[in-house]
2 protein chains.
Amino acid sequence: MSMSFKELMKVLGLGAVAFVLGVEWLNWLKRRLRDSHGPLKEVLFFPSPQACVEHLFIHHKHFPCACPLPHGVETSFSRLLVHLLSARMSLDLCVFSFSHMELSRAILLLHKRGVVVRVVTDRDYMTITGSQIGALRKAGICVRHEMSSAVHMHHKFALVDGRKLITGSLNWTLTAVQSNKENVMVTEEPELVGPYQKEFQKLWEANDPANHKPQCTNGQLNIKTCKDR
Amino acid sequence: MSMSFKELMKVLGLGAVAFVLGVEWLNWLKRRLRDSHGPLKEVLFFPSPQACVEHLFIHHKHFPCACPLPHGVETSFSRLLVHLLSARMSLDLCVFSFSHMELSRAILLLHKRGVVVRVVTDRDYMTITGSQIGALRKAGICVRHEMSSAVHMHHKFALVDGRKLITGSLNWTLTAVQSNKENVMVTEEPELVGPYQKEFQKLWEANDPANHKPQCTNGQLNIKTCKDR
């Protein structure tokens, strides 16, 4: 059974198209199966070893930090900072106790960069010695606190750009970071990020000072330029 | 171009085999793509509304609970209990503060069922009023505490059968469950479960009383039949 040249060309042409489509499709399949591994999931444990984190705040090659801490070491704390400083649009923070200076510095830097920062914190713990809540407010960052004095706002989570969740047992204090046994999970898994984002919004709205006038007329709630969003 | 009966049968046979293989393969592909959605991920927020959880402890159709709490209502707390009580082999618990009576009842029930329960807790908080740690020890459950008095074991996570992680901000106290703003995440994601399991093992070994003799000779560490594993 012989084949004409025209027929041969037709078969070869179809074969080539089928081959290219097949390869493309296999690549797509490979990508899908690889993606089934899923989005970012990182677990950090504390206490974190101490190391210099200056390079995360100031990018200046020709002016290395002269502090006595180890340099060029990645720690749980430096990873936490990296994730927080990755915010480009927004940072929603829900934290019981916040007195850590470097974490405060990171939040202030994000605010200075134009990232929309919103903070919900505990009523009692925001006024303890060393609390950074006052510093955030003075810089114009919107802070709301749990309105009821009978319950604690005990969450410790942050949402970066509405798509990265940082959550765990870690309060934002020096003791928690440097001494305690603590855990922090960082994930971009939408099924986990979604509920936390919804919870943040719920707490943000429930603790709107406008709805709790008797407790909010002392002028301490909105200092400088806090524009509630 | 005519085809003999034999040839027709051959083509039909091959076609049928190709069809069956194709359908099977498409099903496999569908399963893989659906699985890319991933393993269990559940988020629980607290405070939890109060509801009767008696049915989770006693399966007895003809003897319904007569308590005044709402019945047949699923809450964050009942979901937490369901996940804990799903343990068949082991429960590794790492919790800062543990005074919740129903959670204690659940752990004791698991122990009674033969589930291997291991608990790591904080040194200071295990002796506070209402702590359930003593009750667990009396029942023969192995409890270890953070050996250093300078640091807190601040984790609040549990591992069910080494494959389900329960973690969050929630301490195992009545205030946390019924009053505070808290979060708990339940997941079977191996990339998250793995590091926590490793951390548990690390803490379990680091706080082995055998390695800390001066603090462990008061006879309070191993009551009844605690067999350290």
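- An unreviewed UniProt entry lists chain A under the name Mitochondrial cardiolipin hydrolase, from Cyprinus carpio.
- Annotation of chain A in UniProt includes, under Catalytic activity (unreviewed entry), the sentence "a cardiolipin + H2O = a 1,2-diacyl-sn-glycero-3-phospho-(1'-sn-glycerol) + a 1,2-diacyl-sn-glycero-3-phosphate + H(+)".

1. Brief notes about the side chain of His83(B)
Working step 1: Its location among the elements puts His83(B) in helix 3 (residues 76-85).
Working step 2: Ignoring any residue separated from it by four or fewer positions in sequence, one finds His83(B) in contact with Leu40(B), Glu42(B), Val160(B), Lys164(B), Ile166(B) and Val186(B).

2. Focus: the interface of chain B and chain A
Working step 1: Listed as interface residues are 37 residues of chain B and, on the opposing side, 37 residues of chain A.
Working step 2: Summing both partners gives a buried area of about 3,400 Å² for chain B against chain A, and 64% of it is carried by carbon and sulfur.
Working step 3: Our count for the contact surface shared by chain B and chain A stands at six salt bridges.
Working step 4: A salt bridge links Lys181(A) to Glu146(B), with the nearest nitrogen and oxygen atoms 3.0 Å apart.
Working step 5: Contributions of two or more residues to the side of chain B that touches chain A are made by helix 1 (5-35), strand 1 (41-46), strand 5 (156-160), strand 6 (164-168), strand 7 (182-187) and helix 7 (190-206) of chain B.
Working step 6: Of the residues forming the side of chain B that touches chain A, the biggest block, six residues, is contributed by helix 7 of chain B.
Working step 7: Taken together, the residues of the side of chain B that touches chain A break down into 16 nonpolar, twelve polar and nine charged.

3. As for the pairing of strand 4 (residues 142-145) of chain B
Residue and element names in this part refer to chain B.
Working step 1: The side-chain alternation of strand 4 yields two buried faces, one formed by Cys 142 and Arg 144 and the other by Val 143 and His 145.
Working step 2: Bridging between strand 3 (residues 116-121) and strand 4 involves four bridges; their strand directions are parallel. Counted as the bridge partner of Val 120 is Arg 144 from strand 4.

How each quantity is defined
Along each chain, the written sequence defines residue order, and numbers are assigned to residues from 1. As a convention, the first chain written is A and the first ligand written is 1, with the rest following in written order. At least 70 in pLDDT is required for a residue's local features to be given in this predicted model, at least 80 for side-chain atom pairs to be given and counted, and no such filter applies to totals for whole chains, interfaces and linings, which use all residues. Here the side-chain values reflect all heavy atoms present in the structure, with hydrogen atoms and water set aside. UniProt positions are given in the numbering used here, feature names are shortened, and annotations may be inferred rather than shown by experiment. Here a helix means four or more residues in a row that DSSP labels H or I, a strand means two or more in a row labelled E, and each is numbered from the N terminus. Contacts are residue-level and defined by heavy atoms, with any inter-residue pair within 4.5 Å sufficient. Values labelled buried area give the accessible surface lost by two parts on being combined, using a 1.4 Å probe and summing over both. Every case where a carboxyl oxygen of Asp or Glu lies within 4 Å of a side-chain nitrogen of Lys or Arg is listed as a salt bridge. Polar here means any residue other than Ala, Val, Leu, Ile, Met, Phe, Trp, Tyr, Cys and Pro, which are nonpolar, and Asp, Glu, Lys and Arg, which are charged; Gly is therefore polar. Throughout this description, buried means an accessible area under 20% of the type-specific maximum (1.4 Å probe, protein chains only), exposed means over 50%, and partly exposed covers the range between. A pair of strands counts as paired when DSSP detects no fewer than two bridges linking them.

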